[in-house]
Amino acid sequence: MTGFTRWVLRHKLIVALFWVGMTVIGMITVSRSTAALSKQFSEPGREGYETNQTILRTYGTGGRIPPALLVVALPDGTTVDSPGIPDQLTGAFARITAAVPGARVASYPSTGDRAFVSADGRTTFALVDPPISPAGFEDGSRGLHAIEGATRDVRIAGAPVHVSGTLALSSGGAGGGVSVLTESLVGGLGALVILAFVFGSFLAIVPMLMAVATIMGTFLIVWGITTVTAVSFIVEFLIALIGLGVAIDYSLLVVVRWREERAAGRENEDAVRCAMGTAGMAVVHSGSTVAVGLLSLIVLPVPFLRSVGFGGMLIPLVSVVAAITLLPVLLATVGPWLDWPRTRRPSGTSRSWMGWARMVVRHRWIAVGAALLILGALLVPAFLLNPGDPQADSLAQAGDARQGLTALERAGIGAGVLTPIEVLVKGAEADAVAARLARISGVRTAIAPAGAAWRRADTALITVLPTVDANSSAGRDILDRVRTAAHAGPERARIGGRVAESADFVSAVYGNFSLMVALVACITFLLLVRAFRSLLLPLKAVLLNFLSVGGAWGILVLVWQRGYGSKLIWGIDATGAITIWVPVMAFAFLFGLSMDYEVFILARMREEYDRTGSTDEAIVEGIGRTGRLVTCAALILTLAFVSLASAPVTDIKVFATGLAAGILLDATVIRALLVPALVSLMGRWNWWLPTLPARLLRVSPSSLVREPHHASPGTASSEL
């Protein structure tokens, strides 16, 4: 690294012009970059996805886009059979057909099925599937707006027609939200405040400049990748917000070390080279582990997650490249001028963190017990994690869509009709299959209307309405029974609809999750063995990261799935499930991001151990020099995720909650408490690397030497 830094410093102008060009071009083209991102979610080879694609091609409606529901709650004394009401209902639903040509409508007037009516006859609903192209989401929103416009002034016996459904509930009551740019600005302003506190000088600007260059450069590269393959729109959020945090973290580590070297009396460029030889190497190792965590997504058989893995991998890699090229140039040129007025000591040592480290080492068994108790309390709910789509009750809490859902629940119909199951069969067999499916326990009705909207190209559509929300555990049991019954018959019926595709997604992703975990663990272990020259430290780091991610999952379950925090903070009811892609994405990001702090701390401990030969002295000095750094870095990332949680979409709020909670948990319970306590307990075994693995990894071995029989003031001896 020192040799590479010398080359960079000899070519300052070339490096500076390269990054200025990347940043400027990235800013100019960022709107094109985001517009090129894909919103497609495909699951090739899965029954739900393939059936939905066939439904869309054949009928132009339905598939993975759930229907809108028109809900009418008639006043007291009036039922659907009252004089004039059937004609009013028929006219209202015909108005929808006229306003949304090509829509597929099923209701009590069109089918005569009393399942569309409540037991008291006062509440009824209709299913409306607007025309959808393969693009999906945008068309669904346009169709929904057309339906809302057509029903706005309609009254049935004086009662309004509420437009509900999962799509309406997902977009209703959320407001306009804020853009990714605004979220990044909020996170950046918070980061600037923290950096000003850390440095006490204008050096706080340097990490922000690095973040801008990294984010714009990454967007530019992603735009180039979109010309070759599809990249998910989720990458847009990750580049802007995780890129902000990671770029600042890496810059923070290097700049703090540079100040230490200058305070020790080194000339400026010499201080830059020394900082890059130590902190710069830690950045390279850290960025590699983050990239590995994200790249592990490629083993999952879901194209959009694979694209997130490729796109997300660029964030730490570009951050690392910027940190080892642009940052040395900035420090070697304008760094000393910006290091003013120096209201804080540049040594980087924190007395409070050294005192904390001494206390942890002195009471290491208590520290381990306390940390494991906290993590255990969070791991218990993690085992109850239920990946799936959020239940209807957790979506919009106000607005017309919510009023419609409330009317269905009060009438005893429930939310199950919002999540229908679609069955594709041969046209001649539709009635027989529908009759068989209607008799399944948990099914409210199964309809197979005649007409071109339901029967085309020698096929027919059957809509199965469950009695409970299909995104609940009971609802998935109903889906399983419907699938079993449909596949058992000679008709070769195929199951589609949003809930079927979601269930297939869960099976595809979490059925291969163990492979992803094994891949990430093995590669990370090897990288860290080389970085720390140790076998035990990397093993401990990997295991603790699993505990950290498990704790974050437990927080997700408590806050969102059970609703203990979502209602209090956002006014959103318990989701009953965690959005299907969130747990696996949270694992990929948290595993890598949490390892940042592990690398920052242990790299400094390793350095101090090589200097002193004492584990406890290495712990106290390592924590004293990195504790404040890690805390500030965690706060910066947390601010980025908190700003992400301001997005109007519940799924993004859930994802941001998991990331923010995981980072805070890792920086406090894991790194500040459990890591130093375990390192102290393991003593000299932490630093052992036998000759054979050292030779294979091309690093120097580390022998198992006895430590000196002394300890730092207030610490216990770690001699084993």
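In this text, all values refer to a predicted model and were calculated from it rather than measured experimentally.

## Here's the deal with the overall build of the chain
Phase 1: When helices and strands are counted, the chain shows 26 helices and ten strands.
Phase 2: Computed over C-alpha atoms, the radius of gyration of the chain comes to 29 Å, within 12% of the 27 Å expected from 2.2 N^0.38 for 720 residues, which places it in the range of a compact globule.
Phase 3: Its C-alpha atoms put the chain at 95 × 50 × 45 Å along the principal axes.
Phase 4: Going through the 720 residues of the chain one by one, you find that 59% of them count as buried.
Phase 5: Long-range pairs, those at least 24 residues apart, make up 79% of the contacts in the chain between residues at least 6 apart in sequence.
Phase 6: Only carbon and sulfur atoms are counted for the fraction: they give 64% of the accessible area of the chain, which is about 26,800 Å².

## Description of the sheet that holds strand S5 (residues 159-164)
Phase 1: Taken in spatial order, the five strands of this open sheet run S2-S3-S1-S5-S4, and their pairing is antiparallel. Each having just a single partner strand, strand S2 (104-106) and strand S4 (155-156) make up the two edges of the open sheet.
Phase 2: One ladder, built from three bridges, connects S2 with strand S3 (residues 123-129); its direction is antiparallel. What sits directly across from Val-105, in S3, is Val-128.
Phase 3: Across the sheet, helix H16 (residues 400-410) lies against strand S1 (68-73), S3 and S5, angled at about 105 degrees from S5, the strand it touches most.

## Structural notes on the nonpolar core
Phase 1: One finds Met-585 and Phe-589 to be the most contacted residues of the largest nonpolar core, which totals 165 residues.
Phase 2: Ranked by residues supplied to this core, first place goes to helix H25 (residues 650-682) with 20 residues.
Phase 3: With sequence-adjacent residues up to four places away left out, Met-585 is seen in contact with Ile-234, Leu-238, Leu-297, Leu-305, Val-308 and Phe-655.
Phase 4: Counting 51 residues, the second largest nonpolar core, distinct from the first, contains Val-72, Leu-89, Phe-125 and Ala-401.

## Details of the pairing of strand S7 (residues 443-447)
Phase 1: The buried fraction of S7 amounts to four of the five residues, a majority that puts the element mostly inside the structure.
Phase 2: Inspection of the sheet shows S7 paired to strand S9 (residues 459-466) by four bridges, in the antiparallel sense. Bridge assignment links Thr-445 to a residue of S9, and that residue is Leu-465.

## Quick look at the environment of Met-27
Phase 1: One can find Met-27 in helix H2 (residues 12-35).
Phase 2: Put simply, Met-27 and Ala-213 are 186 residues apart on the chain and 9.4 Å apart in space, counted from C-alpha to C-alpha.
Phase 3: Setting aside chain neighbours within four positions, we find Met-27 in contact with Val-212 and Met-216.

## Regarding unusual backbone geometry
Phase 1: Phi is positive for Asp-458, which is not a glycine, with a value near 60 degrees.
Phase 2: Tracing the sequence through the fold places Asp-458 in the loop between strand S8 (455-456) and S9.
Phase 3: Even without glycine at this site, Arg-533 takes up a positive phi of about 50 degrees.

## What about the packing of aromatic side chains?
Phase 1: The full count for this structure, using the stated rule, is 18 aromatic pairs.
Phase 2: Here Phe-116 and Phe-125 contribute two aromatic rings whose centre-to-centre distance is 5.0 Å and whose plane-to-plane angle is 35 degrees, an arrangement assigned as tilted. In this pair, the class of Phe-116 matches that of Phe-125, namely buried.
Phase 3: An angle of 70 degrees between the planes, with centres 5.3 Å apart, marks the rings of Phe-513 and Phe-587 as edge-to-face. A residue pair is termed long-range when its members are at least 10 positions apart, and Phe-513 in helix H20 (residues 513-532) and Phe-587 in helix H23 (residues 582-612) qualify at 74 residues.

## Things to note about the packing of helix H9 (residues 205-226) against helix H12 (residues 303-333)
Phase 1: Contact geometry for H9 and H12: axes closest at 9 Å, N-to-C directions at 135 degrees. By the angle between their axes, H9 is oblique relative to H12. In the crossing of H9 with H12, the sense of the turn from one axis to the other is right-handed. The segment H9 lies against H12, with Val-206, Met-210, Ala-213, Thr-214, Thr-218, Ile-221, Val-222 and Ile-225 engaging Leu-314, Ile-315, Val-318, Ser-319, Ala-322, Ala-323, Leu-326, Leu-327 and Leu-330.
Phase 2: Looking at the contact of H9 with H12, its residues break down into 14 nonpolar, three polar and no charged.

## Looking at the pattern of salt bridges
Phase 1: Using the criterion set out here, one finds 28 salt bridges in the structure.
Phase 2: The residue Glu-47 makes a salt bridge to Arg-483 at a minimum N-O spacing of 3.7 Å. On the criterion of sequence distance, the pair formed by Glu-47 in helix H3 (residues 47-59) and Arg-483 in helix H18 (residues 473-488) is long-range, its members being 436 residues apart.
Phase 3: Among the residues examined, Glu-47 registers a relative accessible area of 23% and is labelled partly exposed.
Phase 4: Between Arg-625 and Glu-260 there is a salt bridge whose closest N-O contact spans 2.9 Å. On the criterion of sequence distance, the pair formed by Arg-625 in helix H24 (residues 615-644) and Glu-260 in helix H10 (residues 234-263) is long-range, its members being 365 residues apart. Glu-260 shares its class with Arg-625; the two are buried.

Calculation rules
- Along every chain, residues carry numbers that run from 1 in the direction the sequence is written.
- Under the rules for a predicted model, residues below a pLDDT of 70 receive no local features and side-chain atom pairs below 80 are neither given nor counted, while totals for whole chains, interfaces and linings still include all residues.
- Only hydrogens and water are set aside when side-chain values are computed; all heavy atoms of the structure are taken into account.
- Secondary structure is summarised from DSSP: a helix means a run of H or I of at least four residues, a strand means a run of E of at least two, and numbering begins at the N terminus for each.
- The size measure is the radius of gyration over C-alpha atoms, and the globule rule it meets is 2.2 Å times the number of residues to the 0.38 power.
- Exposed residues in this analysis have more than 50% of their type's maximum accessible area, buried residues have under 20%, and partly exposed residues fall in between, with area computed by a 1.4 Å probe over protein chains only.
- We call two residues contacting when some pair of their heavy atoms lies within 4.5 Å.
- Using the Shrake-Rupley algorithm and a 1.4 Å probe, accessible areas are obtained, with residue cover drawn only from the displayed protein chains.
- For two strands to be treated as a pair, DSSP must find at least two bridges joining them.
- Axis lines are fitted through C-alpha atoms, for helices just across the contact stretch, and the angle between N-to-C directions can take any value from 0 to 180 degrees.
- Take the buried Ala, Val, Leu, Ile, Met, Phe, Trp, Tyr and Cys residues and link them wherever side-chain atoms come within 4.5 Å; each set so joined is a nonpolar core.
- Whether two aromatic rings pair depends on their centres lying within 6.5 Å, for rings of Phe, Tyr and Trp, where Trp uses its six-membered ring; planes under 30 degrees apart make the pair stacked, over 60 edge-to-face, and the rest tilted.
- Orientation labels follow simple angle bins: below 35 degrees gives roughly parallel, above 145 gives roughly antiparallel, 65 to 115 gives roughly perpendicular, and whatever is left gives oblique.
- For any helix crossing, the convention is left-handed if the near helix is rotated counterclockwise from the far helix by under a right angle, and right-handed if that rotation is clockwise.
- Residue polarity is assigned by list, with Asp, Glu, Lys and Arg as charged and Ala, Val, Leu, Ile, Met, Phe, Trp, Tyr, Cys and Pro as nonpolar; anything else, Gly included, falls into the polar class.
- The working definition used for a salt bridge is a side-chain nitrogen of Lys or Arg within 4 Å of a carboxyl oxygen of Asp or Glu.

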